[in-house]
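Observations on the three-dimensional arrangement
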Amino acid sequence: MEKYTLNFGKFKQYDKKFITEIDGSSVTSVAFCGETLYIATTENTFEYSEGNLKKLSFKAEKLFSENGRLYASMGKILSEIKNGKSKKIAEFNSSVIDISTGLDGSFWLITEDTLYLKDGSEFKEIVDLPSEVVALAALDNKAKYAETVYVGSSVEGLLSMKGKRRHWAELLPENTGVMSRKINCLKIDALGHLWVGTDDGLNIYDGRNYWFKGDDFYSIPSGSFNDMYFAKDGKKYFATNTGVVTLIEGKISYFSYGAWLMHPVVTKIAVSENGTIVAVTPRGLSVITSQYMTLSEKAKHFDDFSVKYNTRNEGYHVDRILRKYGDLESGWLPNSDNDGLFTGLYCASQCFRYATTGEKEAKENAKRAVEAMIKLTEVTGKSGFTARATRYKDDPYFGTGNREEWHVCNDNPDCEWLGETSSDEMTGHYFAYGIYFDLVADKKEKKKIAEVVKKITDHIIENNFHLCDVDGVPTTWANWEPDLLNNDDRWYFEKGTNSLEILSFLKTTYHVTGDEKYNKVFDMLISKHHYAMNCMQYKCEDAHIAHIDDQLDFTNIYPLIVYTDSEAQKEIFKMGLTHHYEYERIERSPFFNIVYGALTNRPCDIENAAKSLSEMNLDLIVWPTYNSYRKDIEIDYAPQELGCAPQLKEPVEYSSRVLMNYDGNQFVCDSGVEEFVSINTKNANRAAALPNTSGANGMRTAMPYIYLLPYWMGRYYGLLGD
């Protein structure tokens, strides 16, 4: 089958800024005039434009955006604001509470005690109001009957003006579909429906006797709806106690605490003509912007991002640790236990990029990364034994840590390296070396790669299929020994993955060296120790709680299938790949899907891969994540049978997930939100074996390879168009 190429086109990419200079709890109202934001607080009024905050000379209590004009209530006075200045329109006997423009253009206003209709330049008193009225919604101005004007009270509920002798008819929860007596906000849509935001949810009313209740929505959250905004084109935006909810093109979407908001409770909302959303929370304001971009443009963003924020020392690709919440510029770059693995994955992304585009920068990035990886093998002083990481005298924590595993370099006392190297590290090395060898390396580099790969593989074979540290002891996890994998129950869960690893390593070594010695070892492990059979279903199904080997497996299966010449052998390995892919398919992983598509002629859900790439946040910060309030999720309790906490049955969209590597748990529902959500963690005390189930705190970034590797690999294999 010829591979299908998806041209994803332009998509709406959201981003945000936080305004922390203003105490969010003091904000009484927000509104846009064009693309300029106005903010009313209990003390002052501000103008916010292009990132600049300016204090104005007047004090507004409430702001109203109506038909391209901006109004403000200043006690008993209604004013219009233009260019940061206010002009008085009218004065009333009590404070102005709300205004509403009917579909026929009629202009209505309520004060604390009276409803008014604008007649020319004057405001005409219509009828007195019940107590504690907070919201107004007018459909039009009917001369004979007035059922189309509504007010909401925080005490007396929803009321509709009625009759020639105008009075208020109560619409009570006891005998109508309204959900509560406490009304927070009202809006009338272009079809004349009344939308009612209460402290207990959202209603829609047809003005007669039909109600669409909050529970009728397939995924509108329960709880308080505090404010709403309807755009002229019908798009709808809601401020709730669990974040911002949008209803656009028939789809309900969420902007929740963490990635988008500084607090789950949104008290006020405003939306500009271009779709910029401003959400007011007790801890500050979020300005959520959007732009149309392509996956290619987003890749350019992350290619630049990786060099600026995630490249350490000689070229290692690492997490960025932030000193200040959500502030990329405050960050620094530590070493990790897995510098070789993640640098290898990043290196591969740049190799695919170079092979696809020929860009010089991609080649330079790949070269810097591969040379940094080679140094990890050279620095230990033991032939073929590779370090996890290096660090230097001016790096934080130099000279600390487990001194049995940190070693001072023989030729440089200002450098030390970390041992106890795992199989994870070698996976990243072999993966990158093979791809760099094929797509980037010149003759001299090919020779150097062949030499280092040969040393590593010889070390493994000579030490009975282990990595053996400088103290002569095999490292904990780098075990590919047949007797242990096949005959020791303690290696049951690693048997398939580690069999896959060593076969992949051997094929890569043969590919770059051409030495038949490695094919012979490969064949021996298959014929004598059934390693190919171990790979037929290498993934142990585990209720989707253990993910640490998933990324390794998809990384190792790639060179194994690419470098295996025998089609019959490939078919065996594809059995394991297909089983693993089908099991992980629910994650909508860009990397897993694209590896599967690259190695087979089967459909690989490329649309889901592209959609997931489009959903990743531009700042890559690992924000707290809050999803448990959503009605469109389902909790899976199966993990409890294995002593772990419940989790999502199906992951949410990437923009609402904990952002993590492909060895992390994509099924986490809430993380880092213990302040707001009661999370039962008493059964989750095996977190050390289940990475990334907690700790989303806005104080670090994920690594850009999570976007760059699947994107550029997809481009190289023709699965994704430009």
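Because the structure is a prediction, the values reported are computed rather than measured.

On to the overall build of the protein chain. When helices and strands are counted, the protein chain shows 14 helices and 39 strands. By its C-alpha atoms, the protein chain is 100 × 50 × 50 Å across when sized along the principal axes. Buried residues in the protein chain amount to 59% of all 722 residues. At a minimum sequence separation of 6, the contacts of the protein chain that also span at least 24 residues come to 59%. Accessible area for the protein chain stands at about 29800 Å²; split by element, carbon and sulfur atoms hold 47% of it. Separation of charge centres in the protein chain, based on 80 positive and 103 negative side chains, amounts to 5 Å.

What follows concerns the sheet that holds strand E4 (residues 45-49). Spatial strand order, E2-E3-E4-E5: four strands in an open sheet with antiparallel pairing. Edge positions in the sheet fall to strand E2 (27-33) and strand E5 (52-55), since each has one partner strand and no second. Direction aside, the axes of adjacent strands within the sheet are offset by 20° on average. Note: strand E3 (residues 36-41) against E4, four bridges, orientation antiparallel. In the sheet register, tyrosine 38 faces E4, and the bridge partner there is glutamate 47.

For helix H12 (residues 590-599), the tally of buried residues reaches ten of ten residues, placing the bulk of the element in the interior. Inspection of H12 places Pro590, Phe591, Phe592, Asn593, Ile594, Val595, Tyr596, Gly597, Ala598 and Leu599 among the buried residues, and these make up the whole buried set. Looking at the buried residues of H12, the elements they touch are helix H10 (550-563), helix H11 (567-584), helix H13 (606-615) and helix H14 (705-716).

Further remarks concern the pattern of salt bridges. Taken as a whole and judged by the stated rule, the model has 36 salt bridges. In this structure, arginine 283 and glutamate 675 form a salt bridge, with 2.3 Å as the shortest nitrogen-oxygen distance. You can see arginine 283 sitting in the loop between strand E27 (277-281) and strand E28 (284-293) and its partner glutamate 675 sitting in the loop between strand E39 (647-648) and H14, a full 392 residues away along the chain. Judged by relative accessible area, arginine 283 falls into the partly exposed class, the value being 37%. Between aspartate 632 and arginine 630 there is a salt bridge; the shortest N-O distance is 2.9 Å. Using a relative accessible area of 38% as the deciding quantity, one classes aspartate 632 as partly exposed. Connected through salt bridges with shared partners, the residues Asp303, Arg353, Glu359 and Glu361 form a single ionic network.

Tallied over the full model, the rule gives 44 aromatic pairs. Pairing phenylalanine 230 with phenylalanine 238 gives two aromatic rings, centres 6.2 Å apart and planes at 80°, and the pair type is edge-to-face. With a relative accessible area of 1%, phenylalanine 238 lands in the buried category. Here the aromatic residues Phe302, Phe305, Tyr309, Tyr707, Tyr711 and Trp712 are joined through ring pairs into a cluster of three or more. Against the face of tryptophan 406 rests arginine 391, its NZ or CZ located 3.7 Å from the ring centre.

Relative orientation of the contacting elements H10 and H11 amounts to 150°, with a least axis distance of 11 Å. In terms of orientation, H10 lies roughly antiparallel with respect to H11. Between H10 and H11 the crossing geometry is left-handed. Contacts from Asp550, Asp553, Phe554, Ile557, Leu560, Ile561 and Val562 in H10 reach Lys570, Phe573, Lys574, Leu577, His580, Tyr581 and Glu584 in H11. For the contact of H10 with H11, a count of residues per class yields eight nonpolar, one polar and five charged.

Now for unusual backbone geometry. The residue asparagine 67 is not glycine, and still its phi comes out positive at about 50°. Relative to the elements of secondary structure, asparagine 67 occurs in the loop between strand E6 (62-66) and strand E7 (69-74). The class of asparagine 67 is exposed, set by a relative accessible area of 56%. Phi is positive for glutamate 420, close to 55°, though the residue is something other than glycine. With respect to the secondary-structure elements, glutamate 420 resides in the loop between strand E35 (412-418) and helix H4 (423-439).

For helix H7 (residues 495-513), with 19 residues, the first-to-last C-alpha span of 27 Å sits near the 27 Å given by 1.5 Å per residue. Counting buried positions along H7 gives 16 out of 19 residues, so the element sits mostly inside the fold.

It is worth spelling out the environment of cysteine 540 at this point. Relative to the assigned elements, cysteine 540 resides in the loop between helix H9 (531-534) and H10. Each C-alpha atom, one on cysteine 540 and one on arginine 320, is 32 Å from the other, the two residues being 220 residues apart in sequence. Excluding its chain neighbours within four sequence positions, the residues that come into contact with cysteine 540 are Tyr492 and Phe493.

Moving on, we come to the pairing of E3. The side chains of a regular strand alternate, residue by residue, between the two faces of the sheet. Among the six residues that make up E3, six are buried, leaving the element largely enclosed by the rest of the structure. Burial along E3 is two-sided: the residues Thr36, Tyr38 and Ala40 and Leu37, Ile39 and Thr41 are all buried. Taken together, the six bridges between E2 and E3 define a ladder with antiparallel strand orientation. Bridge pairing links valine 27 to threonine 41 in E3. Between the antiparallel neighbours E3 and E4 lie three residues.

With that settled, consider the packing of H4 against helix H5 (residues 443-462). Running from N to C, H4 and H5 point in directions that differ by 150°, and their axes come no closer than 10 Å. By the angle between their axes, H4 is roughly antiparallel relative to H5. The interaxial crossing formed by H4 with H5 has left-handed handedness. Contacts between H4 and H5 involve Met426, Tyr430, Tyr433, Tyr436 and Phe437 from the former and Glu445, Lys446, Ile449, Val452, Val453, Ile456, Thr457 and Ile460 from the latter. Across the contact of H4 with H5, the residue classes tally to ten nonpolar, one polar and two charged.

Strand direction decides the pairing type here: strand E33 (residues 389-392) and E35, joined by four bridges, are antiparallel. Bridged to alanine 389 within E35 is leucine 418. Pairing between strand E34 (residues 406-409) and E35: four bridges, direction antiparallel. Pairing of tryptophan 406 across the sheet is with leucine 418, part of E35.

What counts and how
Residues numbered from 1 in each chain as written. Predicted model: local features only at pLDDT ≥ 70, side-chain atom pairs only at ≥ 80, totals over all residues. Heavy atoms only, no water. Helix = DSSP H or I, 4+ residues; strand = E, 2+ residues; numbered from the N terminus. Buried < 20%, exposed > 50% of the residue type's maximum accessible area, 1.4 Å probe, protein only. Contact = heavy atoms within 4.5 Å. Areas by Shrake-Rupley, 256 points an atom, 1.4 Å probe, with all protein chains shown as cover. Lys, Arg positive; Asp, Glu negative; His and termini not counted. Charge placed at Lys NZ, Arg CZ, Asp CG, Glu CD. Pairing = 2+ DSSP bridges. Axes fitted to C-alpha atoms, helices over the stretch in contact; angles between N-to-C directions. Salt bridge = Lys/Arg side-chain N within 4 Å of Asp/Glu carboxyl O. Phe/Tyr/Trp six-rings, centres within 6.5 Å; stacked < 30°, edge-to-face > 60°. Lys NZ or Arg CZ within 6 Å of the ring centre and 35° of its normal. Parallel < 35°, antiparallel > 145°, perpendicular 65-115°, else oblique. Left-handed = near helix turned anticlockwise from the far one by under 90°. Nonpolar A, V, L, I, M, F, W, Y, C, P; charged D, E, K, R; others polar. Expected span 1.5 Å × (residues − 1).

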